[in-house]
Amino acid sequence: MKPQTTKTKTLGLRGRPDFLLLVLTLLLVGFGLVMVFSASSNTAVISKTSNFDALYYTKRQLMWAVLGTISMFVVMNIPYTVFKKGFILYFIPVMITLILVPFVGKELNGAQSWLYIGPIGIQPTEFVKLGLILYLGSLIAKKGEKFRDFKKGLVPVFIIIGIICLIIMMQPDLGACIVIGACSIIIIVAGGANLKQLFLAGIIICSVVASWASISIMNDHDDWQYRINRFTAFMDPLSDEQNSTFHLSRSLQALGHGGITGAGFGHSVQKLKYLPYPYSDFIFSIIAEEFGFIGSLLFLLFYLFFLWRGLLVAVRCPDSYGTIVGVGIVGLFAVQTLVNIGGVTGAIPITGVTLPFVSHGGSSLIVSLLSMGILLSISREYNRPDKPQSPQQQRRSR
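These numbers come from a predicted model, not from an experiment.

S.K.: I would appreciate a short explanation of the packing of aromatic side chains in the present structure.
M.R.: In this description, a pair of aromatic rings is defined by centroid distance and the angle of the planes. Applying the stated criterion to the full structure yields 16 aromatic pairs. When the ring of Phe87 is compared with that of Phe91, the centres are 6.3 Å apart and the planes differ by 55 degrees; the resulting orientation is tilted. Neither Phe87 nor Phe91 differs from the other in exposure class; each is buried. The interplanar angle of 85 degrees and the centroid separation of 5.5 Å between the aromatic rings of Phe306 and Phe357 together place this pair among those described as edge-to-face. Taken as a pair, Phe306 in helix H12 (residues 283–315) and Phe357 in the loop between helix H13 (320–344) and helix H14 (362–382) lie far apart in primary sequence, 51 residues in all. With respect to burial, Phe306 and Phe357 carry one shared label: buried. Chaining the aromatic ring pairs together yields one cluster made of Phe31, Phe265, Phe284, Phe291, Phe299, Tyr303, Phe306, Phe333 and Phe357.

S.K.: Sorry, what's going on with helix H8 (residues 174–190) here?
M.R.: Owing to its 3.6 residues per turn, the α-helix aligns residues three or four sequence positions apart on the same side. The terminal C-alpha atoms of H8 lie 24 Å apart, and with 17 residues this matches the ideal 24 Å at 1.5 Å per residue to within 8%. Looking one or two residues past H8, Gly192 carries a phi angle of roughly 90 degrees, positive in sign.

S.K.: Would you mind showing me how to read the side chain of Ser364 here?
M.R.: Secondary-structure assignment places Ser364 in helix H14. Overall, the relative accessible area of 8% leaves Ser364 in the buried class. Of the polar contacts made by the side chain of Ser364, one reaches the side chain of Thr354; its length is 3.2 Å. What Ser364 contacts, discounting residues up to four positions off in sequence, is Glu126 and Thr354.

S.K.: Got a minute to help me understand the packing of helix H5 (residues 88–104) against helix H6 (residues 124–143) in this structure?
M.R.: Helix-helix packing is described using two parameters, namely the angle between the two axes and the distance between the axes. Between H5 and H6, the least distance of the axes is 9 Å, while the angle of their chain directions is 140 degrees. In this structure, the crossing between H5 and H6 has a hand that is left-handed. Contact with H5, carried on its side by Tyr90, Phe91, Val94, Thr97, Leu98 and Val101, involves Pro124, Thr125, Phe127, Val128, Leu130, Gly131, Leu132, Leu134 and Tyr135 of H6 and no other residues of that element. Looking at the contact of H5 with H6 residue by residue, the classes come out as 12 nonpolar, three polar and no charged.

S.K.: Hey, could you run me through a nonpolar patch on the surface in this one?
M.R.: On the surface, Ile88, Leu89, Ile92, Ile96, Ile99, Leu100, Phe103, Val104 and Met170 cluster together into a nonpolar patch covering about 900 Å² of accessible area. Among the structural elements, Ile92 can be located in helix H5. Judged by its relative accessible area of 42%, Ile92 is partly exposed.

How each quantity is defined
Residues numbered from 1 in each chain as written. Predicted model: local features only at pLDDT ≥ 70, side-chain atom pairs only at ≥ 80, totals over all residues. Heavy atoms only, no water. Phe/Tyr/Trp six-rings, centres within 6.5 Å; stacked < 30°, edge-to-face > 60°. Buried < 20%, exposed > 50% of the residue type's maximum accessible area, 1.4 Å probe, protein only. Helix = DSSP H or I, 4+ residues; strand = E, 2+ residues; numbered from the N terminus. Expected span 1.5 Å × (residues − 1). Polar contact = N/O pair within 3.5 Å; in protein donor to acceptor, adjacent residues only side chain to side chain. Contact = heavy atoms within 4.5 Å. Axes fitted to C-alpha atoms, helices over the stretch in contact; angles between N-to-C directions. Left-handed = near helix turned anticlockwise from the far one by under 90°. Nonpolar A, V, L, I, M, F, W, Y, C, P; charged D, E, K, R; others polar. Patch = residues over 30% accessible without salt bridge, like charges linked within 9 Å, V, L, I, M, F, W, Y side chains within 5 Å. Areas by Shrake-Rupley, 256 points an atom, 1.4 Å probe, with all protein chains shown as cover. Salt bridge = Lys/Arg side-chain N within 4 Å of Asp/Glu carboxyl O.

Right, here's the structure in full:
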């Protein structure tokens, strides 16, 4: 009877979170705080906007980091299966705020993507990214094999994704649309979609987008011409350094100044009012300038290890919902990192996407840490003490 009692006591217990993944997350946040200080202090101390406070942006980032970390620990202790049905309590409010943005949002840097509650500004697009992951994970897991059916599986999913992207393009925010689209494809593939049907859906979507873009260009040719020039600037960074290629040329100068070993921490030149937003969209340029090729490579290897650990947690999850959501979260970080670093290095167009955990930004950091809370909750399910042993584990225990 004693073994039976022990089994009853352990049944339903949750395991420990993946400690390594937690440490990697906190290290990334800490490094981000250090780099925000380095990239912003020189300009903040001479700016009236920041009250001539060298720590202005660092204090704000620290505040968001503390709130995000608390949120991460809270969510980490909630069984991730709660979000399979409870995601609606998160998804609906963020969708309402997203719909409100084009009408009552504040325009900043050419995009009307901010909502202000008193002095606090939030970017609903960032919160929608996590909401969409939870929604798609729930929908795909619920449909099961029916998800491979084109009409009952892919069509409803693409309708939701299309509506969200359409609202975001009303701001407009091309970078967010690219990230959401790529992340959605990763989730759909992980959910077991028929690849032939996915390819067909892709052709249809591309045709619709091309038609919409053609009509928009005809209605506002000058504005679209400027946007196209900005988008294609990476093909010739020196063609228009005072206008469409200004950001990229300055970013490349930062990378060049860093060389192999870097100019040294705090010794970036481009952050001194040359490179716009060095503490946000272009923070990797400052990392490369101050730590050089070697430091940048070490940072990228660290980030790859972080992504690999997160993916390992996702694929080890015992049920499809946890795996799909986990892959979606890791995919979101991977896509945003690729788009951000690819843009500032001139490999792909610049689209104004932040570097997760590192760039300055409250909404981005809060959502990133909330997402990690869910991923750590998934890891706790895998480490449950009452989890059935695999055949290999049973042979080793004999």
